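# A structural walkthrough
Residues per chain are reported as follows:
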Amino acid sequence: KAGVTQTPRYLIKTRGQQVTLSCSPISGHRSVSWYQQTPGQGLQFLFEYFSETQRNKGNFPGRFSGRQFSNSRSEMNVSTLELGDSALYLCASSLGQTQPYEQYFGPGTRLTVT
Amino acid sequence: ELKVEQNPLFLSMQEGKNYTIYCNYSTTSDRLYWYRQDPGKSLESLFVLLSNGAVKQEGRLMASLDTKARLSTLHITAAVHDLSATYFCAVGRGGTSYGKLTFGQGTILTVHP
C-alpha cells in the first residue's frame, strides 16, 4: 500500500512570493491534515480537510489556505511569503472518524524563504 | 485551550538502561498518539491509545494511558543506540475537532554506548 506523498520535497522561495504544496493521501483515506514544524514553535496544526470540506483550522493568518479535491488530494497555498514561513510542512492522512484513527504522515516539504 | 507537555525534553541514556518519557495534557481527549522522528525525516507512528488503562508494546517501547490523570507514558526498556530520535506525543479530540492533533514539544533521546 503506497504511503502519503508530498511534492515538492524541497523549495526555495523569496519573500513576497507565493507557494503551493501538494499532498496525496493513502488510497481510501478521506481526511488530510496539514502541520507546520519549526525549531521554535514545534509542530503546529494548520488545517484539516475531509471530503473536500475544511473541517478544522489552526491559528494561522489568512495567507495560509488549502483545498481538497474529489480524489482526496490536498494542496496548501501560502501567499506573500515571510522569512518566518520557513519550515517543514507535513501532511497527514487518515480514514476520518473511524478506527483505527491512525494518522500517517508524509515525508514533508521543506520550504526555505530567503 | 488544549495544552500538551512532555518531560523531559532532553534525555541522554546509556545503552541497556530503562527510562520513561511523560506526556501530560490539559483537557479531556479521545486519543493519544506517540510518534518518532529521526533527524530530517517525517513522523513515524508508534502507538495510538484510545481508552483509560490502554497499554501497547512494540519491541523495547511500551506506551500507557491514564485518562483520569491525563497522563501517558512511553517506557523504554534496555535502550539501544537505534532508539536515538525525537519522540512526540500528540492528543486528539473527537467531534468536529477530529483531524486536529495537538503535539507536545518533543523529547530528544540520545542513547550512548
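Conventions used here
Residues numbered from 1 in each chain as written. Chains lettered and ligands numbered in written order. Predicted model: local features only at pLDDT ≥ 70, side-chain atom pairs only at ≥ 80, totals over all residues. Heavy atoms only, no water. Contact = heavy atoms within 4.5 Å. Buried area = accessible area lost by both parts, 1.4 Å probe. Polar contact = N/O pair within 3.5 Å; in protein donor to acceptor, adjacent residues only side chain to side chain. Helix = DSSP H or I, 4+ residues; strand = E, 2+ residues; numbered from the N terminus. Nonpolar A, V, L, I, M, F, W, Y, C, P; charged D, E, K, R; others polar. Phe/Tyr/Trp six-rings, centres within 6.5 Å; stacked < 30°, edge-to-face > 60°. Buried < 20%, exposed > 50% of the residue type's maximum accessible area, 1.4 Å probe, protein only. Pairing = 2+ DSSP bridges. Axes fitted to C-alpha atoms, helices over the stretch in contact; angles between N-to-C directions.

Quick look at the interface of chain A and chain B now. Each side of the interface is counted separately: chain A has 21 residues, and chain B has 19 residues. In terms of surface lost to chain B, no three residues of chain A exceed Leu43(A), Tyr101(A) and Gln103(A), which account for 31% of the buried area on that side. Where chain A touches chain B, the interface holds nine residue pairs in polar contact (both at pLDDT 80 or more). For the side of chain A that touches chain B, the elements supplying multiple residues, two or more each, are strand E4 (31-38), strand E5 (42-50), strand E6 (53-57) and strand E9 (87-94) of chain A. Taken together, the residues that form the side of chain A that touches chain B break down as nine nonpolar, nine polar and three charged.

What the rule picks out here adds up to ten aromatic pairs over all chains. With a centroid separation of 5.2 Å and an interplanar angle of 85 degrees, the aromatic rings of Phe105(A) and Tyr35(B) are classed as edge-to-face. Taken as a pair, Phe105(A) in strand E10 (residues 104-105) and Tyr35(B) in strand E4 (residues 31-37) lie in two separate chains rather than in one. Residue Phe105(A) is classed as buried on the basis of its relative accessible area, which comes to 10%. Here Tyr35(B) falls in the buried class, since its relative accessible area comes to 0%. For the ring pair Tyr33(B) and Tyr35(B), a centre distance of 6.0 Å and an interplane angle of 10 degrees mean the geometry is stacked. Among the aromatic residues, those joined into a ring-pair cluster are Tyr35(A), Phe45(A), Phe105(A), Tyr33(B), Tyr35(B), Phe88(B) and Phe103(B).

Note: strands within a sheet are paired through backbone hydrogen bonds, in either parallel or antiparallel orientation. Residue and element names in this part refer to chain B. Ordered by their spatial adjacency, five strands build an open sheet running E1-E3-E8-E7-E6, and the pairing between neighbours is antiparallel. Strand pairing shows two members of the sheet lacking a second neighbour, strand E1 (4-7) and strand E6 (55-58), which therefore form its edges. With direction set aside, neighbouring strand axes in the sheet form an average angle of 15 degrees. Sheet analysis places E1 next to strand E3 (residues 19-25), joined by four bridges and oriented antiparallel. Note on E3: the bridge partner recorded for Glu5 is Asn24.

Turning to the environment of Ala78(B), a few remarks are in order. All names here are of chain B. Tracing the backbone shows Ala78 in the loop between strand E8 (71-76) and strand E9 (85-92). The sequence separation of Ala78 and Leu61 amounts to 17 residues, and the corresponding C-alpha distance is 9.5 Å. Those residues in contact with Ala78 that lie beyond four places of it in its chain are Gly16, Lys17, Asn18 and Arg60.

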